[in-house]
Amino acid sequence: MIRSKTEYLFYLEADRVALNLHRKRPKLFGDEIWKFQRLLRTVEFYENCRASLFWRPLLIYYSVLFRLYGLLLGYTIPQHVFGPGLAIANVGTIVVNSCVRAGKNCRLHVCVNIGSRAGTDTEAPIFGDNVCIGPGAVLFGKISIADDITIGANAVVTRSFTERGILIAGAPARKIDCGVSLPEQPVDQIPCDRPR
């Protein structure tokens, strides 16, 4: 959560780096995703650090712009959910519950839905750091996702995964073994169909 102007600037820079952008400011035309993320952080900053009536008009202005960009891009992403280093990969539908909590360096792809358990608004996922959520993934309920996890495309995640650094995929989601086994023979002794 942004609690000072220093943290606000840190979040802006972390998001820029996560988006792999080398410019300091968005272009006038284009860079809509980056503009959306900057507006997200700006609204968070004004809500947390500029609560007086003096700053109220700017909060309203940035909030309206934030909602317009959200409609334009297809995002329903509330404030105070994602830590620094958020990277939204594509334009397209992304829906996130306001009770979700995500650590730093979270990457979202198109058609992601992160919601609460049926019948409640508050039981939503909690993510660690460096989580990548693939296209079409659905996550819901009171679940925990550990650090350094990649969630595959179209995965349906309804339970917690506490092991770090794994790939989960499928419906329902499960850990995928990505280990590569090396041949026991030296490479030059492995039979090959093509001539050498």
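Scroll up a little and you will see the structure.
Residues numbered from 1 in each chain as written. Predicted model: local features only at pLDDT ≥ 70, side-chain atom pairs only at ≥ 80, totals over all residues. Heavy atoms only, no water.

Caption draft 1: Looking closely at the overall build of the protein chain. Of regular secondary structure, the protein chain possesses three helices and 13 strands. Within the span of the protein chain, comprising 196 residues, buried residues form 41% of the whole. Excluding contacts between residues fewer than 6 apart, the proportion of contacts in the protein chain whose partners are at least 24 apart in sequence is 34%. For the protein chain, the accessible area works out to roughly 11,300 Å², and carbon and sulfur atoms hold 57% of it. In the protein chain, 24 positive and 17 negative side-chain charges are present, and the distance between their average locations comes to 8 Å. (Helix = DSSP H or I, 4+ residues; strand = E, 2+ residues; numbered from the N terminus. Buried < 20%, exposed > 50% of the residue type's maximum accessible area, 1.4 Å probe, protein only. Contact = heavy atoms within 4.5 Å. Areas by Shrake-Rupley, 256 points an atom, 1.4 Å probe, with all protein chains shown as cover. Lys, Arg positive; Asp, Glu negative; His and termini not counted. Charge placed at Lys NZ, Arg CZ, Asp CG, Glu CD.)

Caption draft 2: Region of the structure containing the pairing of strand 5 (residues 112-115). As defined by bridge partners, strand 3 (residues 94-96) adjoins strand 5 across three bridges and the pair is classed as parallel. From the neighbouring strand, Val 96 faces strand 5, where its bridge partner is Ile 114. Summarising the sheet, strand 5 and strand 8 (residues 138-140) pair through three bridges and their orientation is parallel. Along strand 8, the bridge assignment pairs Gly 115 with Phe 140. (Pairing = 2+ DSSP bridges.)

Caption draft 3: Structural context of the pattern of salt bridges. Throughout the structure, instances matching the rule amount to eight salt bridges. Arg 41 is the salt-bridge partner of Asp 15, the closest N and O atoms lying 2.7 Å from each other. Note that Asp 15 is positioned in helix 1 (residues 5-18) and Arg 41 in helix 2 (residues 32-49), a separation of 26 residues in sequence. Summarising the burial analysis for this pair, Asp 15 and Arg 41 share the class buried. Residue Lys 175 pairs with Glu 163 through a salt bridge whose shortest N-O separation is 3.1 Å. With a gap of twelve residues between them, Lys 175 in strand 13 (residues 174-176) and Glu 163 in the loop between strand 11 (156-157) and strand 12 (167-169) connect regions that are remote in the sequence. Where salt bridges share partners, they join Asp 15, Arg 41 and Glu 44 into one cluster. (Salt bridge = Lys/Arg side-chain N within 4 Å of Asp/Glu carboxyl O.)

Caption draft 4: Structural context of the packing of helix 2 against helix 3 (residues 56-73). In contact at an axis separation of 9 Å, helix 2 and helix 3 are set at 145° when each is read in the N-to-C sense. Seen along the crossing, helix 2 lies across helix 3 with a hand that is left-handed. On the side of helix 2, the interface is formed by Glu 32, Ile 33, Lys 35, Phe 36, Leu 39, Leu 40, Thr 42, Val 43, Tyr 46 and Glu 47, while helix 3 contributes Leu 58, Leu 59, Tyr 62, Ser 63, Leu 65, Phe 66, Tyr 69, Gly 70, Leu 72 and Leu 73. Among the residues making up the contact of helix 2 with helix 3, the classes are represented as 14 nonpolar, three polar and three charged. (Axes fitted to C-alpha atoms, helices over the stretch in contact; angles between N-to-C directions. Left-handed = near helix turned anticlockwise from the far one by under 90°. Nonpolar A, V, L, I, M, F, W, Y, C, P; charged D, E, K, R; others polar.)

Caption draft 5: Structural view of the layout of surface pockets. Roughly 370 Å³ of volume is contained in the largest pocket. For the largest pocket, the lining is made up of 16 residues, of which Tyr 8, Leu 12, Arg 25, Arg 38 and Thr 42 are closest to its centre. Counting residues per element, the ones that place at least two in the lining of the largest pocket are helix 1, helix 2 and helix 3. Within the lining of the largest pocket, the residues separate by chemical class into nine nonpolar, one polar and six charged. (1 Å grid on protein atoms, 1.4 Å probe; cavity = no way out; pocket = protein on both sides within 12 Å on 5 of 7 lines; lining within 4 Å. Points joined across faces, edges and corners; volume = space filled by probe spheres on them.)

Caption draft 6: Region of interest: the packing of aromatic side chains. If you walk through the whole model with that rule in mind, you get nine aromatic pairs. For the ring pair Tyr 8 and Phe 45, a centre distance of 4.6 Å and an interplane angle of 20° mean the geometry is stacked. In this pair, Tyr 8 is assigned in helix 1 and Phe 45 in helix 2, connecting sequence segments 37 residues apart. Taken individually, Tyr 8 and Phe 45 each receive the classification buried, so the pair is uniform in this respect. With centroids separated by 5.1 Å and ring planes inclined at 85°, the aromatic side chains of Phe 54 and Trp 55 adopt a geometry described as edge-to-face. (Phe/Tyr/Trp six-rings, centres within 6.5 Å; stacked < 30°, edge-to-face > 60°.)

Caption draft 7: Summary view of the nonpolar core. The biggest cluster of nonpolar side chains holds 50 residues, and the ones touching the most others in it are Leu 108, Phe 127, Ile 133, Leu 139, Ile 145, Ile 151 and Val 157. Elements supplying a minimum of two residues to this core: helix 1, helix 2, helix 3, strand 2 (87-88), strand 3 and strand 5. Considering every element that reaches this core, the biggest residue donor is helix 2, with eight residues. In this view, Ile 151 contacts Phe 127, Val 131, Cys 132, Ile 133, Gly 134, Ala 137, Leu 139, Ile 145, Val 157 and Ile 168; residues no more than four positions away in its chain are not counted. (Core = buried A, V, L, I, M, F, W, Y, C linked by side-chain atoms within 4.5 Å.)

None of the figures reported here should be taken as evidence of function without further support.
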